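Breakdown of the fold
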Amino acid sequence: MRHLLSGTVAARGMALGRARLVQPSRYAVDTRPLAEEEVEGELAKLHQALDTARQELRELRGKLHGALAREVNEFIDAHSLLLDDAELLRGLDDLVRIGRYRPGAALKKQRDRLSAVFEAMDDPYLRSRKEDVEQVINRVISALQRQTSPEERKLAARVGEILIADNIAPGDMAQLAGNGLLGVVASSGSAYSHSAILARSLGLPMLVGTRDALSNIHDDDLILLDAERGEVIVHPAAQDLSRYRAWQREAAAEGRRLAKLANAPTRTRDGVEITLLANAETSADVALARARGADGVGLYRTEFLFLRHRDLPSEDEQFIAYRDLVMGMGGLPVTIRTLDLGADKADAAGLTLRGEDNPALGVRGVRLSLRYPAVFTTQIRAILRAACYGPVRVLVPMVTQPDELIAVRTLFKLARQDLKREAIDLPEKLPLGAMIEVPAAAINVRALLEHADFLAIGTNDLAQYVLAADRGNDALENIYNPLQPALLRLISHVLTSGRRAKKPVSLCGEIAGDANFSALLLLLGLHEFSMHPAQILQVRDRLATLDHAHLRRHAAQLLNAPTHEQAEAMLNEIVAASAH
Ligand code: PEP
Ligand code: MG
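Model, not experiment: these values are computed from the prediction.

Parameters at a glance
Residues numbered from 1 in each chain as written. Chains lettered and ligands numbered in written order. Predicted model: local features only at pLDDT ≥ 70, side-chain atom pairs only at ≥ 80, totals over all residues. Heavy atoms only, no water. Core = buried A, V, L, I, M, F, W, Y, C linked by side-chain atoms within 4.5 Å. Buried < 20%, exposed > 50% of the residue type's maximum accessible area, 1.4 Å probe, protein only. Helix = DSSP H or I, 4+ residues; strand = E, 2+ residues; numbered from the N terminus. Contact = heavy atoms within 4.5 Å. Pairing = 2+ DSSP bridges. Axes fitted to C-alpha atoms, helices over the stretch in contact; angles between N-to-C directions. Domains from an automatic or database assignment. Near = heavy atom within 4 Å. Polar contact = N/O pair within 3.5 Å; in protein donor to acceptor, adjacent residues only side chain to side chain. Areas by Shrake-Rupley, 256 points an atom, 1.4 Å probe, with all protein chains shown as cover. Nonpolar A, V, L, I, M, F, W, Y, C, P; charged D, E, K, R; others polar. Left-handed = near helix turned anticlockwise from the far one by under 90°. Donors = N, O, S within 2.8 Å, 3.2 Å for Na, K, Ca; no water. Salt bridge = Lys/Arg side-chain N within 4 Å of Asp/Glu carboxyl O.

Digging into the nonpolar core
Counting residues in hydrophobic clusters, the biggest one holds 98 residues, and the most contacted among them are Tyr322, Leu455, Leu524 and Phe529. In terms of residue count, helix 15 (residues 373–386) provides more of this core than any other element does, seven residues in total. If sequence neighbours within four positions are ignored, Tyr322 has contacts with Tyr300, Thr302, Leu305, Phe306, Ile336, Gln379, Ala382, Ile383 and Ala386. Formed by 46 residues, the second largest nonpolar core is a distinct cluster that contains Leu60, Ile76, Leu95 and Ala174.

Quick word on the sheet that holds strand 13 (residues 432–436)
On the basis of which strands lie adjacent, the closed barrel formed by eight strands has the order 9-10-11-12-13-14-15-16 and parallel pairing. On average, adjacent strands in this sheet sit at an angle of 25° to one another, irrespective of strand direction. When strand 11 (residues 334–337) meets strand 12 (residues 392–396), the two strands line up parallel, connected through four bridges. When the bridges of strand 12 are listed, Val334 appears paired with Val392.

Considerations on the domain arrangement of the chain
Many analyses report the size of an interface as the accessible area lost when the parts associate. For the chain, the assigned domains read domain 1 (34–144), domain 2 (150–257) and domain 3 (265–578). Centre-to-centre, using C-alpha coordinates, domain 1 lies 37 Å away from domain 3.

Examining the site of ligand 1
Looking at ligand 1, there are 14 residues lining it, with Arg301, Arg337, Gly458, Asn460 and Arg471 nearest. Asp461 places a polar side-chain atom, nitrogen or oxygen, 3.0 Å from an oxygen atom of ligand 1. Relative to its unbound accessible area of 290 Å², ligand 1 is 98% covered by the protein chains. Every element with two or more residues in the shell around ligand 1 is listed here: strand 10 (297–301) and helix 19 (459–467). Of the residues forming the shell around ligand 1, the biggest block, three residues, is contributed by helix 19. A breakdown of the residues in the shell around ligand 1 according to their chemical character gives three nonpolar, four polar and seven charged.

Examining the packing of helix 13 (residues 315–328) against helix 15
One way to put it is that helix 13 packs onto helix 15 with a least axis distance of 8 Å and a crossing angle of 35°. Between helix 13 and helix 15 the crossing geometry is right-handed. Here Glu315, Asp316, Gln318, Phe319, Tyr322, Arg323 and Val326 of helix 13 lie close against helix 15, whose contacting residues are Thr378, Gln379, Arg381, Ala382, Ile383, Arg385 and Ala386. Counted by class, the contact of helix 13 with helix 15 contains six nonpolar, three polar and five charged residues.

Points about the coordination of the magnesium ion (ligand 2)
In the first shell of the magnesium ion (ligand 2), the protein supplies Glu437 (OE) and Asp461 (OD), at 2.1 to 2.2 Å from the metal. Pair noted here: Glu437 is in the loop between strand 13 and helix 17 (439–443) and Asp461 is in helix 19, with a separation of 24 residues, a long-range link. Pair check on accessibility: Glu437 and Asp461 agree, each one buried.

Comments concerning the pattern of salt bridges
If you walk through the whole model with that rule in mind, you get 30 salt bridges. In this structure, Arg18 and Glu161 form a salt bridge, with 3.3 Å as the shortest nitrogen-oxygen distance. A residue pair is termed long-range when its members are at least 10 positions apart, and Arg18 in strand 3 (residues 14–22) and Glu161 in strand 4 (residues 161–165) qualify at 143 residues. For Arg18, a relative accessible area of 30% translates into the label partly exposed. Judged by relative accessible area, Glu161 falls into the buried class, the value being 0%. For Arg381, the salt bridge identified is with Glu422, shortest N-O distance 2.8 Å.

Some points on the sheet that holds strand 1 (residues 3–6)
Within the open sheet, the eight strands sit side by side as 1-8-7-3-4-5-6-2. Their pairing is mixed. Looking at the sheet topology across the chains shown, the edges are occupied by strand 1 and strand 2 (8–11). Each adjacent strand pair in this sheet contributes to an overall mean axis angle of 30°, direction not counted. Summarising the sheet, strand 7 (residues 222–226) and strand 8 (residues 231–234) pair through four bridges and their orientation is antiparallel. What sits directly across from Ile223, in strand 8, is Val234. Across the sheet, helix 10 (residues 238–259) touches strand 3, strand 7 and strand 8, and the angle it forms with strand 3 is around 115°.

And the structure:
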């Protein structure tokens, strides 16, 4: 009987295939306390299971090759690090030795405890790290289980299967994708998880939060995974299959058309060259940026490096991450943004101030970095060292006034002197730029241009601050609108000021990657767009249909629009007129 389950889209696409269920471990936890003489033997079993899990991750690493390996290794490394985490191991040992828990019960207790800690975090990225912890501990539980019942864990998907699981670890997903897996339906999980990020970059459709998937789907059921609408159709009917075939035809045609654009130059219809940069956080993003023909990295958000660690990342850890990014871009310019913690991005190491009444208006971005010069200097040294490997620019977030840029420049100068004394190689020059995301910075941009070598407009924050509307609050959608006249005038003012000062200005907020706003941004005078690399082809495609001169001629008219609704109507007319 045809039936339908719904879930949240984590990676778009569709797939038709046989269901392959992976039930969560059926291990019945033995809760009887250990007798004293059993403790050492059970501890040995626990450590053997931990070793097996480590070994599995090493083997997984060895099996993956090429681009896939680069993308997945960082997830595998994160899991391996967790398995060696001193606190986790000590906690497990204590539970067995002191609490007299059996290893299975101890693992489960630690898993539940850590999950609860992550679950309680406000930041959605950190909250999604709960899945990593669960996946790692489940791997150990399953290794432990195989010591007594060796038939468990057969995760070798056959070609044409769609995985139905509670959750899936990124390493396993990569391996299965290599074996011909078509898609994933997870009954828990979030769209922010590493697995979801990986599914997007592998082009594997994925749904998360498909609550009853494991009880309503059976092995070998034919299913249609529709990760466009957020549905799984079990035993699809003829009309479902014809919708799938239509989607397949369209996706193939679109893919062929866009693929031709991968290494094409970016030009408007009237031949104006536009620079498309990538916002890149992971090595997967870097690989995609190269594949899509990005002109460089316009925004590397370094805070993600800090959010992934429990402690502050060391100078060497940062250096390696930045160097790999620079080398990964093979000589194209890379813009590294200094730490932008605070507001919605609280770090795990406790750098951000607690208990601010208004964190979004508080000590965040460069304000926080300047408060901790030692931490900031560590980052600056790492950036300077990495900048020997290719062209690097440094971007400072949340700048409000010139003295912040002056202070950052001074810290760079001091770090240079120290590195020189230590006989460490230094780059010749390192352009320093300001993010324009505080209204004061936009209005008083000429003063900042005296001290900045380039600018990057961060419309995500600029919009929230100029409209006094939280960027994450969906109740304010009618206010938080990119076509708000006040925002348009600020963007235009910054672009015009940059042009007069002969300094490059890019825009790296979400609207840069939304093809629906390409005409608007061209009209305002933008020439450098920075976006998630997955959006590059669509934007390149859209820009090729637009007439730059025509749009620019109508800029003054649009900037006079009194409301965002009128601005939108006017823009549609302007674009339509140029199509004829
Ligand atoms: C922005 O504010 O537009 C921006 C690009 O920075 P983030 O989204 O990291 O705050
Ligand atoms: Mg911002």
